[in-house]
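Examination of the molecular architecture
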Amino acid sequence: MGVSEPAMPPDALTRVRMREALALAEGSVGLTEPNPRVGCVIGRSDGTVLGLGATQQAGGPHAEVMALRDAASRGLDVRGAVAWVTLEPCAHHGRTPPCCDALVAAGIGHVVVGHPDPNPLVDGGGMARLRAAGVAVSMSAAEELAACRELNIGFLSRFERRRPWVRLKVATSMDGRTALPDGRSQWITGEAARRDGHAWRRRASAVLTGIGTVLADDPRLDVRLVPTPAQPTRIVLDSHWRTPASARLLPPPGPVLLVGLDELNDNARALEQAGAELLRLPASTSRIEFGHLLRVLAERGINELHVEAGATLNGALLAGGWVDECLWYVAPKLLGSGRGLADLPAERGAQALAGSPEWHWIECQKLDSDLRLRARRTDEPANRGDKGLSPGLTAPQGPGVDPTGARLQNTP
């Protein structure tokens, strides 16, 4: 028999089961790219749990199939049971068969969906297919829907806005310095904050920096301080193919993508020989146009783009309106003179004082002696309702990004 719990009201049971499904999905962070992180719990209305599952690596089984297999391995009958799943079951043949068909074939009687899937190949089709087969379908409450959205914010952004979710990470002293005047920054923050930063790298599809960082600091930009099933793609904005073939970020594990504008030169070919992929963008200007790059990265399946760079690139992305979220680690230190976190146009100061806040805080968490702050734009997608519109219509058209001199601080 399955694991039975005390009976509870249907709404309360749905909250509990959806939270359990979310916890299962969290275990797939770093594994499922470019697919979403999905969790599924199969059980009965009396509180009995029959099967648990989470989506595996791309091409592997999805959460619903894993939960059905789990129930089968215990010899449990799921006919007439409820499936709580954090994202709408797929309705198309991709690398795997449709999950909604598997639920129907197993005899599931009711499916509770945490969040709709905006992928055009699904987009309500999974729920419609279930209903057509006689399966009851309902949506979770608003609180669980928001949590399910947060878990897959990059995947949803890729389909709703046709661009990844961009998260900018910085680490500073209390007075906003990322390094001393001579560039020394190891270490401003403590071990707990650095380990947490690697956990956010693990969550991302890709980690992006500029050529200035590569030339000045030779970072690896991989995930080392926390366990991970896979490495994110490391992306360097390098207009003129200046990345050294000996750069520490080139060796595996994990793919490397160098983005440039110039014709390929001898160094570029050496970088290809070293294992990097080169992406040459149209050179309409002397700078990489970040809006175009975001669309290209979305087409490549990048869900969350984690930026770790220096003041020049940070400033260009912030001034252009391309950053959705700031991840800011603050150490209880005062450095005095030193390097700032972003080079912004001087006129923005007066505009910021005169206007409404551009950002709002969503989290403050203590990590030993440091703080982790998270902020999002006040016009973030959830608030401005830009589903289905092109990035050019939903985000300010900022300047192109000149990566020269953009330098990463405090994160090797």
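Thresholds, definitions, all that
- Residues numbered from 1 in each chain as written.
- Predicted model: local features only at pLDDT ≥ 70, side-chain atom pairs only at ≥ 80, totals over all residues.
- Heavy atoms only, no water.
- Salt bridge = Lys/Arg side-chain N within 4 Å of Asp/Glu carboxyl O.
- Helix = DSSP H or I, 4+ residues; strand = E, 2+ residues; numbered from the N terminus.
- Pairing = 2+ DSSP bridges.
- Axes fitted to C-alpha atoms, helices over the stretch in contact; angles between N-to-C directions.
- pLDDT = per-residue confidence, 0-100.
- Contact = heavy atoms within 4.5 Å.
- Buried < 20%, exposed > 50% of the residue type's maximum accessible area, 1.4 Å probe, protein only.
- Right-handed = clockwise from strand over helix to strand, strands pointing away.
- Arc of directions from axis to C-beta.
- Core = buried A, V, L, I, M, F, W, Y, C linked by side-chain atoms within 4.5 Å.

1. Examining the pattern of salt bridges
- A complete count under the given rule lists 30 salt bridges for this structure.
- Put simply, Arg-74 and Asp-70 hold a salt bridge, and the shortest N to O gap is 2.7 Å.
- Residue Arg-167 is joined to Glu-325 by a salt bridge in which the shortest nitrogen-to-oxygen separation is 3.2 Å. Of this pair, Arg-167 sits in strand 6 (residues 165-173) while Glu-325 is found in strand 13 (residues 325-331), placing the two residues 158 residues apart along the sequence.

2. Overview of the sheet that holds strand 10 (residues 256-260)
- On the basis of which strands lie adjacent, the open sheet formed by 9 strands has the order 11-10-9-8-12-6-13-16-15 and mixed pairing. Pairing within the sheet leaves two strands with one partner each, and these edge strands are strand 11 (277-280) and strand 15 (359-367). In this sheet, adjacent strand axes meet at a mean angle of 25° when their direction is disregarded.
- Relative to strand 11, strand 10 is paired through 4 bridges, and the arrangement is parallel. From the neighbouring strand, Leu-257 faces strand 11, where its bridge partner is Glu-277.

3. A word on the confidence of the model for the protein chain
- Per-residue confidence for the protein chain gives a mean pLDDT of 87; residues scoring 70 or more make up 88%.
- Per-residue pLDDT stays below 50 along residues 1-9; that stretch engages in 21 contacts with residues further than four places along the chain or on separate chains.
- Scored below 50 in pLDDT, residues 383-411 makes 104 contacts in the model with residues more than four places away or belonging to other chains.

4. Here's the deal with the sheet that holds strand 4 (residues 110-113)
- Ordered in space as 2-1-3-4-5, the 5 strands form an open sheet in which the pairing is mixed. The strands lining the two open edges of the sheet, one partner per strand, are strand 2 (49-54) and strand 5 (136-139). When the angles between neighbouring strand axes are averaged without regard to direction, this sheet yields 15°.
- In terms of strand pairing, strand 4 meets strand 5 through 4 bridges, oriented parallel. The partner of His-110 across the bridge, within strand 5, is Ala-136.
- Across the sheet, helix 2 (residues 63-73) lies against strand 1 (39-43), strand 2 and strand 3 (82-85), angled at about 140° from strand 2, the strand it touches most.

5. Overview of unusual backbone geometry
- A cis amide bond, omega 0°, links Glu-33 with the succeeding residue Pro-34.
- Among the secondary structure elements, Pro-34 is positioned in the loop between helix 1 (10-26) and strand 1.
- Cis geometry is found at the peptide bond from Pro-252 to Pro-253, where omega equals 10°.
- Within the secondary structure layout, Pro-253 lies in the loop between strand 9 (233-237) and strand 10.
- A positive phi angle, near 60°, is found at Arg-162, a position not held by glycine.
- When you line up the elements, Arg-162 lands in the loop between helix 6 (153-160) and strand 6.
- Residue classification places Arg-162 among the partly exposed positions, given a relative accessible area of 41%.

6. What about the pairing of strand 8 (residues 206-210)?
- Counting buried residues in strand 8 gives 5 out of 5 residues, a clear majority hidden from the surface.
- Residues of strand 8 alternate between two faces, with Ala-206, Leu-208 and Gly-210 on one and Val-207 and Thr-209 on the opposite face, all of them buried.
- Where strand 8 lies against strand 9, 5 bridges are found, and the strand directions are parallel. Of the residues in strand 9, the one forming a bridge with Val-207 is Arg-234.
- A crossover connection joins strand 8 to the parallel strand 9 through helix 8 (residues 211-217); in handedness this β-α-β unit is right-handed.
- Examined bridge by bridge, strand 8 and strand 12 (residues 304-307) share 3 bridges and lie parallel to one another. Bridge pairing in strand 12 places Leu-208 opposite Val-307.

7. A closer look at the environment of Pro-282
- Among the structural elements, Pro-282 can be located in the loop between strand 11 and helix 10 (290-299).
- Of the residues examined, Pro-282 reaches a relative accessible area of 55% and is grouped as exposed.
- A C-alpha to C-alpha distance of 9.0 Å links Pro-282 and Asp-262, two positions 20 residues apart in sequence.
- Residues contacting Pro-282, with those up to four places away along its chain left out, are Leu-261 and His-292.

8. Structural notes on helix 5 (residues 142-151)
- Glu-144, Ala-147, Cys-148 and Leu-151 are the residues of helix 5 that are buried. Buried residues of helix 5, seen end-on, are gathered within an arc of 100° and therefore sit on one face of the element.

9. With respect to helix 3 (residues 99-106)
- Every buried residue of helix 3 is accounted for by Cys-99, Cys-100 and Leu-103. Buried residues of helix 3, viewed axially, fall in a sector of 105°; they line one side.
- Buried residues in helix 3 make contact with helix 2, strand 3, strand 4 and helix 4 (125-132).
- Gly-107 occupies a position one or two residues after helix 3 and carries a positive phi of about 85°.

10. What about the nonpolar core?
- Among the nonpolar cores identified, the biggest contains 29 residues, and Leu-208, Val-259, Phe-290, Leu-293 and Leu-305 are the most heavily contacted of them.
- Residue contributions to this core peak at 5 residues, all from helix 10.

11. Here's the deal with the environment of Gly-301
- Mapped onto the secondary structure, Gly-301 falls in the loop between helix 10 and strand 12.
- Judged by its relative accessible area of 9%, Gly-301 is buried.
- Distance from Gly-301 to Ser-205, taken between C-alpha atoms, is 8.1 Å for residues 96 residues apart in sequence.
- Ignoring anything within four residues of it in the chain, the contact list for Gly-301 reads Pro-34, Arg-158 and Ser-205.

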